[in-house]
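Secondary and tertiary structure notes
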Amino acid sequence: APAAPAAAAKAPDDADDADAAKGPFEGDECPIVEDLHVVARFGAVGEHWYAGTVQDATRAAEGVFTVAFDDGDVDDAVRREDIRVPRLAGGDRVEALYGATDHYYPATVVGVNSRDGVYRLKFDDGDVLPRAPRTSLRVLDADD
């Protein structure tokens, strides 16, 4: 895979350095909503975390979610503590929905607005999306 381009210069509305120092995942205060790309433990067993998308959050008050994993498996009883939301920063590689399609395209995060949770993206073809919501993004290389 080609190397990710260098991150763009930090704009005034970008996340603070303190946000970046919190680690690779958002904290427990991060809301888990449908269509959010996450990493989660399948079946709440083992040490491995797998990329997937929250498919159903209707039992969020109980702390239980349905996650459709990228490999096709679905777990309808993933506990909140078994879900991590990867933190995004400038230079991170993602796939993102673009326009009115349901197709994901490779892009690089070039800006993060921590106040309203949107991201500036530059797609590999050169197009720029100034305000992409987190739910329209899938993190590349999310497994650790």
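Thresholds, definitions, all that
- Residues numbered from 1 in each chain as written.
- Predicted model: local features only at pLDDT ≥ 70, side-chain atom pairs only at ≥ 80, totals over all residues.
- Heavy atoms only, no water.
- Helix = DSSP H or I, 4+ residues; strand = E, 2+ residues; numbered from the N terminus.
- Buried < 20%, exposed > 50% of the residue type's maximum accessible area, 1.4 Å probe, protein only.
- Contact = heavy atoms within 4.5 Å.
- Pairing = 2+ DSSP bridges.
- Salt bridge = Lys/Arg side-chain N within 4 Å of Asp/Glu carboxyl O.
- Core = buried A, V, L, I, M, F, W, Y, C linked by side-chain atoms within 4.5 Å.
- Axes fitted to C-alpha atoms, helices over the stretch in contact; angles between N-to-C directions.
- Phe/Tyr/Trp six-rings, centres within 6.5 Å; stacked < 30°, edge-to-face > 60°.
- Lys NZ or Arg CZ within 6 Å of the ring centre and 35° of its normal.

1. Side note on the environment of Ala-77
By the secondary structure assignment, Ala-77 is in strand E4 (residues 74–79). Judged by relative accessible area, which is 44%, Ala-77 ranks as partly exposed. C-alpha separation for the pair Ala-77 and Thr-66, spaced 11 residues apart in sequence, amounts to 5.9 Å. Apart from the residues lying within four places of it in its own chain, the contact partners of Ala-77 are Arg-59, Val-64 and Phe-65.

2. A word on the sheet that holds E4
Read from one edge to the other, the open sheet built from 5 strands follows the order E4-E3-E2-E1-E5, with strand pairing classed as antiparallel. With one partner strand each, in any of the chains shown, E4 and strand E5 (83–84) form the two edges of the open sheet.

3. With respect to the pattern of salt bridges
On inspection of all chains with the given rule, the structure shows 7 salt bridges. A salt bridge links Arg-41 to Asp-82, with the nearest nitrogen and oxygen atoms 2.7 Å apart. Taken together, the residues Arg-41 in the loop between strand E1 (37–40) and strand E2 (50–56) and Asp-82 in the loop between E4 and E5 connect sequence positions 41 residues apart. Given a relative accessible area of 17%, Arg-41 falls into the buried group. Notably, a salt bridge pairs Asp-116 with Arg-131, separated by 2.7 Å at the nearest N-O pair. Placement of the pair is Asp-116 in the loop between strand E7 (104–113) and strand E8 (118–123) and Arg-131 in strand E9 (residues 128–133), with a sequence separation of 15 residues. Linked through salt bridges whose partners overlap, the residues forming this network are Arg-41, Arg-79, Glu-81 and Asp-82.

4. Observations regarding the nonpolar core
Counting 13 residues, the largest nonpolar core has Ile-32, Val-38, Val-54 and Ile-83 as its most contacted members. Secondary-structure elements contributing two or more residues to this core are E1 and strand E3 (64–69). Among the elements that take part in this core, E3 stands out by supplying 3 residues, more than any other. In this structure, Ile-83 is in contact with Ile-32, Val-38, Val-39, Ala-40, Trp-49, Phe-65, Val-67 and Val-78, ignoring residues within four places of it in sequence. By size, the runner-up hydrophobic cluster in this structure holds 12 residues, among which are Ala-107, Tyr-119, Ala-132 and Leu-137.

5. Quick word on the sheet that holds E9
In sheet architecture, strand pairing relies on hydrogen bonds along the backbone and comes in two forms, parallel and antiparallel. Read across the open sheet, the 5 strands follow the order E9-E8-E7-E6-E10; overall the sheet is antiparallel. Bordering the open sheet on either side are E9 and strand E10 (137–139), each of which pairs with just one other strand. Strand-to-strand twist across the sheet, computed as the mean angle between neighbouring axes with direction ignored, equals 45°. With 5 bridges connecting them, strand E6 (residues 93–97) and E7 associate as antiparallel partners. The residue bridging Ala-96 from the neighbouring strand is Tyr-105, located in E7.

6. Quick word on the packing of aromatic side chains
The full count for this structure, using the stated rule, is 2 aromatic pairs. Each ring, one from Phe-42 and one from Phe-69, has its centre 5.4 Å from the other, and the planes form 75°; the classification is edge-to-face. Separated by 27 residues along the polypeptide, Phe-42 in the loop between E1 and E2 and Phe-69 in strand E3 bring together distant segments of the chain. For the pair Tyr-98 and Phe-123, a centre-to-centre distance of 4.9 Å together with 75° between the ring planes defines the contact as edge-to-face. With Tyr-98 in the loop between E6 and E7 and Phe-123 in strand E8, this pair connects stretches of sequence that are 25 residues apart. Under the relative-accessibility criterion, Phe-123 is labelled buried at 5%. The ring of Trp-49 carries the charged tip of Arg-84 above its face, separated from the ring centre by 3.8 Å.

Note that all results are geometric; they support no functional claim without further evidence.
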